[in-house]
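Coordinate inspection notes
Below are the chains, spelled out letter by letter.
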Amino acid sequence: MKKNHHRIPDSETEAEAEANNRQMGRRNFLKFGAASLAASGISSANATDVLLPENSESVSVDKSQIITSKVDILVVGGGSAGTIAAIQAGRTGASTMVMERASYLGGMTTRGGVCYPGLFDAWGKQIIDGVCWELITECVKMDGGTLPDFSKVAKRHWMNQIHINQFLFYILAEEKCTQAGVEIAYHESPQQIKETEDGWQVDCVGFGTQRRVICKQIIDCTGGAEMAGMLGFPRLRSEVRQPGSIQFLLGKANNPGRPTSDKGAGLLHAIYVHGADSTNSRTVTEASITGRKAVLDKMRKTNQRLMHLQSEPGFRESYRIQGDTVITVQDYTSGRHFDDAICYAFYPVDLHTKNGVKPKPLKPGIVPTIPLSALIPKGSRNLIVAGRCVSSDQLANSGLRVQAPCMAMGQAAACAASLAVKHGTTPGEVPLKEIHALLEKHGAIVPKKN
Amino acid sequence: MLFVTLAVTGLMGFFLPFSLLTVSVHSLIGFVFIAAIGFHIKNNFRKLRSYFSNHTALVLLVLVISFIAIILYQPAPVKAILSLSSNKGPALDHFEIQANRMTYNYSPAPHYHIQLDFKGGSSFKPEKPPYIAIWIENKSGYHIKSLYHSEQADFEKLLPYWHHKRAEYLKNKQLNGKKKKDAESSDDLDALSSATDNYSFDPKDYIVPEDKAKESPYRVMIEINLSGDGNEHYEDQPSLVYRVEVDNKDPRSYQVLEIVGFPKDEVVDGETKWSLYYADETITTARDLYDSAMLQIDRSPASKP
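Residues numbered from 1 in each chain as written. Chains lettered and ligands numbered in written order. Predicted model: local features only at pLDDT ≥ 70, side-chain atom pairs only at ≥ 80, totals over all residues. Heavy atoms only, no water.

Further remarks concern the overall build of chain A. What chain A contains, in helices and strands, is 12 helices and 20 strands. When each of the 450 residues of chain A is scored for burial, the buried share is 57%. Considering only intrachain contacts with a sequence separation of at least 6, the fraction spanning at least 24 residues in chain A is 73%. Split by element, the accessible area of chain A, about 19100 Å² in all, is 50% carbon and sulfur. (Helix = DSSP H or I, 4+ residues; strand = E, 2+ residues; numbered from the N terminus. Buried < 20%, exposed > 50% of the residue type's maximum accessible area, 1.4 Å probe, protein only. Contact = heavy atoms within 4.5 Å. Areas by Shrake-Rupley, 256 points an atom, 1.4 Å probe, with all protein chains shown as cover.)

Moving on: the overall build of chain B. Along the backbone of chain B there are eight helices and 11 strands. Residues classed as buried in chain B amount to 37% of the 305 residues present. Pairs at least 24 residues apart make up 59% of the contacts formed inside chain B by residues separated by at least 6 positions. Split by element, the accessible area of chain B, about 18100 Å² in all, is 60% carbon and sulfur.

Attention now goes to the sheet that holds strand 14 (residues 306-309) of chain A. Residues and elements named next belong to chain A. Judged by pairing direction, the sheet is antiparallel, and its three strands sit side by side in the order 13-12-14 without closing on themselves. Of all the strands in the sheet, the pair left with one neighbour each is strand 13 (269-273) and strand 14. Taken over all neighbouring pairs, the strand axes of this sheet differ in orientation by 30° on average, direction set aside. When strand 12 (residues 244-250) meets strand 14, the two strands line up antiparallel, connected through three bridges. Across the sheet, residue Leu249 finds its bridge partner in strand 14, namely His308. In the packing of helix 8 (residues 281-302) onto the sheet, contacts are made with strand 12, strand 13 and strand 14, and the angle to strand 12 comes to roughly 35°. (Pairing = 2+ DSSP bridges. Axes fitted to C-alpha atoms, helices over the stretch in contact; angles between N-to-C directions.)

As a further point, take the pattern of salt bridges. Working definition: two side chains of opposite charge can pair if their charged atoms are close together. All told, the structure shown has 27 salt bridges over all chains when counted by the stated rule. Across the pair Arg237(A) and Asp277(A) runs a salt bridge whose closest N-O atoms are separated by 2.9 Å. Placement of Arg237(A) in the loop between strand 11 (235-236) and strand 12 and of Asp277(A) in the loop between strand 13 and helix 8 is noted, with a sequence separation of 40 residues between them. Accessibility expressed as a relative area gives 29% for Arg237(A), which makes it partly exposed. Given the relative accessible area of 10%, Asp277(A) is considered buried. Members of the salt-bridge network, linked through shared partners, are Glu137(B), Lys139(B), Lys165(B), Arg219(B) and Glu245(B). (Salt bridge = Lys/Arg side-chain N within 4 Å of Asp/Glu carboxyl O.)

Turning next to the sheet that holds strand 6 (residues 218-225) of chain B. Sheet strands line up and pair through hydrogen bonds in the backbone, either parallel or antiparallel. All names here are of chain B. Within the open sheet, the six strands sit side by side as 5-4-6-7-9-10. Their pairing is antiparallel. Taken across any chain shown, the strands that pair with only one partner, and hence form the sheet edges, are strand 5 (143-149) and strand 10 (271-277). Within the sheet, the average angular offset between the axes of one strand and its neighbour, ignoring direction, is 30°. With eight bridges connecting them, strand 4 (residues 131-138) and strand 6 associate as antiparallel partners. Residue pairing across strands places Asn138 opposite Tyr218, the latter belonging to strand 6.

Time to look at a nonpolar patch on the surface. All names here are of chain B. A cluster of nonpolar side chains, Tyr51, Phe52, Leu58, Val59, Leu60, Leu61, Leu63 and Ile65, forms an exposed patch at the surface whose accessible area comes to about 780 Å². Listing elements by their share of the nonpolar patch, those giving two or more residues are helix 3 (45-52) and helix 4 (55-73). Per-element tally for the nonpolar patch: the top contributor is helix 4, with six residues. Structurally, Val59 is set in helix 4. (Patch = residues over 30% accessible without salt bridge, like charges linked within 9 Å, V, L, I, M, F, W, Y side chains within 5 Å.)

Further remarks concern helix 4 (residues 80-91) of chain A. Residue and element names in this part refer to chain A. If you check helix 4, its first and last C-alpha atoms are 17 Å apart, about what 12 residues at 1.5 Å a residue would give, namely 16 Å. Of all 12 residues that make up helix 4, 12 are buried, and the element is covered over most of its length. When helix 4 is considered as a whole, its buried residues turn out to be Ser80, Ala81, Gly82, Thr83, Ile84, Ala85, Ala86, Ile87, Gln88, Ala89, Gly90 and Arg91. One or two steps after helix 4, the chain reaches Gly93, where phi turns positive at roughly 105°. (Expected span 1.5 Å × (residues − 1).)

Residues and elements named next belong to chain A. The N-to-C vectors of helix 4 and helix 6 (residues 166-179) enclose an angle of 25°; their axes lie 8 Å apart at closest approach. Classified by the interaxial angle, the pair formed by helix 4 and helix 6 is roughly parallel. Crossing of helix 4 over helix 6 shows left-handed handedness. In contact with Thr83, Ala86, Ile87 and Arg91 of helix 4, helix 6 contributes Ala173, Lys176 and Cys177. (Parallel < 35°, antiparallel > 145°, perpendicular 65-115°, else oblique. Left-handed = near helix turned anticlockwise from the far one by under 90°.)

With that out of the way, let us pick up the nonpolar core. Ranked by size, the top nonpolar core spans 111 residues in total, and within it Phe120(A), Val202(A), Ile219(A) and Ile370(A) carry the most contacts. At 14 residues, helix 11 (residues 403-423) of chain A tops the list of elements feeding residues into this core. Sequence-distant contacts of Ile219(A), that is, excluding residues within four places in its chain, are made with Ile73(A), Leu74(A), Val75(A), Val76(A), Ala85(A), Ile384(A), Ala413(A), Ala414(A) and Ala417(A). Counting residues in hydrophobic clusters, the runner-up holds 38 residues, among them Phe124(B), Ile136(B), Leu147(B) and Leu240(B). (Core = buried A, V, L, I, M, F, W, Y, C linked by side-chain atoms within 4.5 Å.)

Turning next to the environment of Ser239(B). Residues and elements named next belong to chain B. Within the fold, Ser239 resides in the loop between strand 6 and strand 7 (240-246). Ser239 sits in the buried class, given a relative accessible area of 2%. Note: C-alpha distance between Ser239 and Leu58 (181 residues apart in sequence) is 50 Å. Setting aside its immediate chain neighbours within four residues, Ser239 contacts Leu158, Pro160, Glu223, Ile224, Asn225, Gly261, Phe262 and Pro263. Only 2.5 Å separates the side chain of Ser239 from the side chain of Glu223, close enough to count as a polar contact. (Polar contact = N/O pair within 3.5 Å; in protein donor to acceptor, adjacent residues only side chain to side chain.)

Attention now moves to helix 4 of chain B. Between its first and last C-alpha, helix 4 of chain B extends 27 Å over 19 residues, near the 27 Å set by a 1.5 Å rise per residue. Downstream of helix 4 of chain B by a residue or two, Gln74(B) has a phi angle that is positive, lying close to 50°.

Right, let's get into the packing of aromatic side chains. Enumeration over the complete set of coordinates arrives at 14 aromatic pairs over all chains. The interplanar angle of 50° and the centroid separation of 5.2 Å between the aromatic rings of Phe120(A) and Trp133(A) together place this pair among those described as tilted. Here the residue Phe120(A) occupies a position in the loop between strand 4 (96-100) and strand 5 (121-122), and Trp133(A) occupies one in helix 5 (residues 131-142), the gap between them amounting to 13 residues. When sorted by exposure, Phe120(A) lands in the same class as Trp133(A), which is buried. Both rings, one in Phe95(B) and one in Tyr148(B), keep their centres 4.0 Å apart while their planes meet at 15°; by these two values the pair is stacked. You can see Phe95(B) sitting in strand 1 (residues 93-97) and its partner Tyr148(B) sitting in strand 5, a full 53 residues away along the chain. (Phe/Tyr/Trp six-rings, centres within 6.5 Å; stacked < 30°, edge-to-face > 60°.)

Moving on, we get to the pairing of strand 9 (residues 199-206) of chain A. Residues and elements named next belong to chain A. Counting buried residues in strand 9 gives seven out of eight residues, a clear majority hidden from the surface. Strand direction decides the pairing type here: strand 8 (residues 188-196) and strand 9, joined by eight bridges, are antiparallel. Each bridged residue has a counterpart across the sheet, and for Thr196 the counterpart in strand 9 is Gly199. What sits between strand 8 and strand 9 in their antiparallel hairpin is a turn of two residues. In sequence, strand 9 turns back onto strand 10 (residues 209-220) through a hairpin of two residues, with Gly208 there showing a positive phi of about 70°.

In structure tokens:
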């Protein structure tokens, strides 16, 4: 484990700079400035408006045309894991596309309002570092926030969660993606997938967009292992799933990046949405409407103003893949060190039920690990997952599903996929040493046996 | 008859496990006996006066006082005899330092006996025992009850964490009602991923609740410090805090206390707060004050006297 430190990056890394240069040559950017505005004839009261460039694809798109994108790696889902996976994949030099059904990155961290990611530390030491820590610390620094002191014993596990400004987080994530040369495809979802000789052909749709992605590797960061499901790989799903939570704030202004609760928990208000299911657009719609109705009822009951509302509930659980390794709660609570461990995780067993939640903390000194074999759907090739759909039982998943380990999984999956592209193989056949070396090169903490 | 009753109940108290009945009879007869002595002195005052002018009586008086002093100070042989008793302070609590260990016994109820057994480590010296405080907290970290603390110590300096926890105790108790009210008013908001707070400050609610529904896990906490144990990092190493969580709904007979950290104060919004920090490699011999600390809880109804 790495010694406790709070590293706030001050400059671009070499890889970032390279990726940035590459990308500048082949992609268009938003252009900023009053000069463009003046030329366009659009009136503006200040110099902060932006215009899309004249040759922007979004201006000239032919709606009947299918766009074809050829990339090395397609990251499906731009949530906690997917965002980090995309940045990491881009930084290794692989041409990467991240596809996100919403209009911004971050997933549950931003859209779900769980804007207090954790846990990055265990027993006084930092256990998760790398791309995610760089993004979070930069976000906190820019927002004038504070990082927890990991050497201090947290009275409750959530005290070492890091309060971030969710809006700033996804803008910075977007910036890091573009700097790494990652193409972002918002409002799009895969509809069909076909195996090709050296990878995948994925047909996707968004509103007014039909896209065919030809890629070598897929990193499934959908949360519910949707790609694995589309391909027919077995998935695990508990009969009774944990509720989601719709987050909002009544009666006082939201202060992003800062604790809002007098009790110090720093949480927005939340109401359980029982039965919340993130499987498809219909179930998400239903959960969103149910959650918002509950907020409306609460407003009427308390006669308070609605000051903040997340765009959809935070989902805790849906499908999980079945990998060669299924992480059990015994593995998790005993801190089993898997031979093919690629990152640490740390969080109580935190199963939410209709009666609430009673987190069961891990015993002193215990730091669970996540193996590579729990990220690869059994029998698959050229497909790897990251995030809460990790192969695990429900209780283990209740601790693994939180952002820090999801982000760490994202970085590890991206390293494995990038190396697989490089060697022309599948992530499961990439030598573990190479994955570890690449992770360490990019600042991640690799589990070490004591 | 009074003599016989006192003698029998005294022997029962020594050889048998604690019994409230035995102690009650012994105490009550003791009071009657004291009253009888009073009457005896009053009725025979003149004879006693002439008797005490006698040298033999003076020697006897000195012997009686010496005997009482020996009992009070308990040198090793006396302690050895007393340790043969089956009734080692079970009425409430009892702390004892031996050559290589310290033990603490606490019985809040006849069917609930707690024993903490500290096996001495390489830094433990019985002739210079460490300062120690034992208390219980609820899961929210609030001090509920101090069970034991070393005598005549500068607690603020030597056992600062416990000292400040105890100082906050009354303040928290006053806030209890308000917090409870606040909690009730937000019953349909889930405090995401946070523990359910328990606002009770009554030790009974944790240790031996009459209402089983009120039963809640609690923590046995220990702060321990050896004065003057400097090392290359500290002039005097800080105290260390250990804890173990007890859940009567998931009973365990034996549990090991784990180190939590060392206390350090900081001023937040003009108020001094004490927090624990993970004990790193700068803490050396302080870790070796004891080799292991075991909590044993006997919940057996059979132990009921």
